[in-house]
Amino acid sequence: MRIVKVNAAGLRGCTPEGGWANELKPQDCVHTLVAVLTDEGITGWGSVFTNDGLVQAALQVLEPLYLGENPLEPERVSEKLHANTFWMGRGGTLTHTISGIDIAMWDILGKATGQPVGRLLGGCYRDRVLPYASVLMREPKALAEQLIEIREQGFRAFKIGWGPFGRQSDAVDERIVQAARESVGPEALLMVDAGASDAFWHQRFKWAARTARMLTEFDVYWFEEPLPPDNLPDYVLLRQNSPLPIAGGEVLRPVAPRSCF
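What counts, and where the lines are drawn
Residues numbered from 1 in each chain as written. Predicted model: local features only at pLDDT ≥ 70, side-chain atom pairs only at ≥ 80, totals over all residues. Heavy atoms only, no water. Core = buried A, V, L, I, M, F, W, Y, C linked by side-chain atoms within 4.5 Å. Buried < 20%, exposed > 50% of the residue type's maximum accessible area, 1.4 Å probe, protein only. Helix = DSSP H or I, 4+ residues; strand = E, 2+ residues; numbered from the N terminus. Contact = heavy atoms within 4.5 Å. Pairing = 2+ DSSP bridges. Axes fitted to C-alpha atoms, helices over the stretch in contact; angles between N-to-C directions. Right-handed = clockwise from strand over helix to strand, strands pointing away.

Participant: Give a detailed account of the nonpolar core, specifying residues and quantitative values.
Facilitator: Formed by 35 residues in total, the largest nonpolar core has its most connected members in Ile160, Phe165, Val192, Leu215 and Phe223. Only strand E4 (133-136), helix H5 (140-151), strand E5 (157-161), helix H6 (170-184), strand E6 (189-193), helix H7 (205-217) and helix H8 (232-241) provide two or more residues apiece to this core. In this structure, Phe223 is in contact with Phe165, Val192, Ala194, Trp207, Ala208, Thr211, Ala212, Leu215, Leu244, Pro245, Ile246 and Ala247, ignoring residues within four places of it in sequence. In this structure, Leu62, Tyr66, Val77 and Leu81 belong to the second largest nonpolar core, which totals 21 residues.

Participant: Please provide a residue-by-residue account of the sheet that holds E4, values included.
Facilitator: Taken in spatial order, the 5 strands line up as E4-E5-E6-E7-E8 in an open sheet, and their pairing is parallel. Bordering the open sheet on either side are E4 and strand E8 (246-247), each of which pairs with just one other strand. Two elements, strand E7 (residues 223-224) and E8, share 2 bridges in a ladder whose sense is parallel. Along E8, the bridge assignment pairs Phe223 with Ile246. Packing of H5 onto the sheet brings it into contact with E4 and E5, and relative to E4 it is tilted by some 160 degrees.

Participant: Outline the environment of Gln115, supporting the account with residue identities and numerical values.
Facilitator: Within the element layout of this structure, Gln115 appears in the loop between helix H3 (93-113) and helix H4 (117-120). C-alpha separation for the pair Gln115 and Asp230, spaced 115 residues apart in sequence, amounts to 37 Å.

Participant: Account for the environment of Gly185, with residues named and values stated.
Facilitator: Relative to the assigned elements, Gly185 resides in the loop between H6 and E6. Along the sequence, Gly185 and Phe223 sit 38 residues apart, while their C-alpha atoms lie 18 Å from each other.

Participant: Go over the pairing of E5, please, and point to the residues and values.
Facilitator: Counting buried positions over the 5 residues of E5 gives 5, a clear majority of the element. Neither face of E5 is exposed, since Ala157, Lys159 and Gly161 on one face and Phe158 and Ile160 on the opposite face are all buried. Of the strand pairs in this sheet, E4 and E5 are connected by 4 bridges, and their pairing is parallel. Its bridge partner lying in E5, Ala133 is registered against Phe158. Where the polypeptide runs from E4 across H5 and back to E5, its parallel neighbour, the crossover connection is right-handed. Two strands pair when backbone bridges link them, and E5 and E6 are joined in this way by 5 bridges, in the parallel orientation. Within E6, the residue paired with Ile160 across the bridge is Val192. Between the parallel elements E5 and E6, the chain passes through H6 in a crossover that is right-handed.

Set out below in structure tokens:
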């Protein structure tokens, strides 16, 4: 089986407001679907959290490397793409696009073998998971009404994020979390996402440590992205001083492909 073409299609038209420093417009594209086509008629699908214009440009660079390759060997092919392009920029558009191709090749391997991709990646360790509803933060009353409505749908875990949190005052932050806890009830899981990957995020370690202690008072399960993604020293310090788990890393760029270690 060989790769004969890779197509990309940007998604537009339905991005909710979320407290971004520069709000996305309906015509903006921040997510792109990737289709890897093969000579045996199997198509694999992947996704890239990147503008479609950037993905198209990356595909032009990568095309000589993936055309004719065997998609049934996703790890080797992805490593080939990384090893031949990492010097053009680590963690940017090329890396994102390679990720989408990698996902699509695993999809192809699963379809070709008739196996779930999870099994191909090592197996299934559980057959049930607890889903959580993820909502954007708003002023306390409106947020409470929204969470009550979602709770009535059967959800027992909730994540609230972005909006005014960390952007106005400590008092506002606490009122939001208190309203959320009272709305979902004492038995539900409640997580908080500060959204520090937003442009010009101004909070640092002291705010994060103070806020982590406040969140503990409302039995918050984890505190997500309270610091800018690349501020690893403060993340280490925060984890050492936080009474609850710290989550993050969703936009942390890789420093090198595996072949360089």
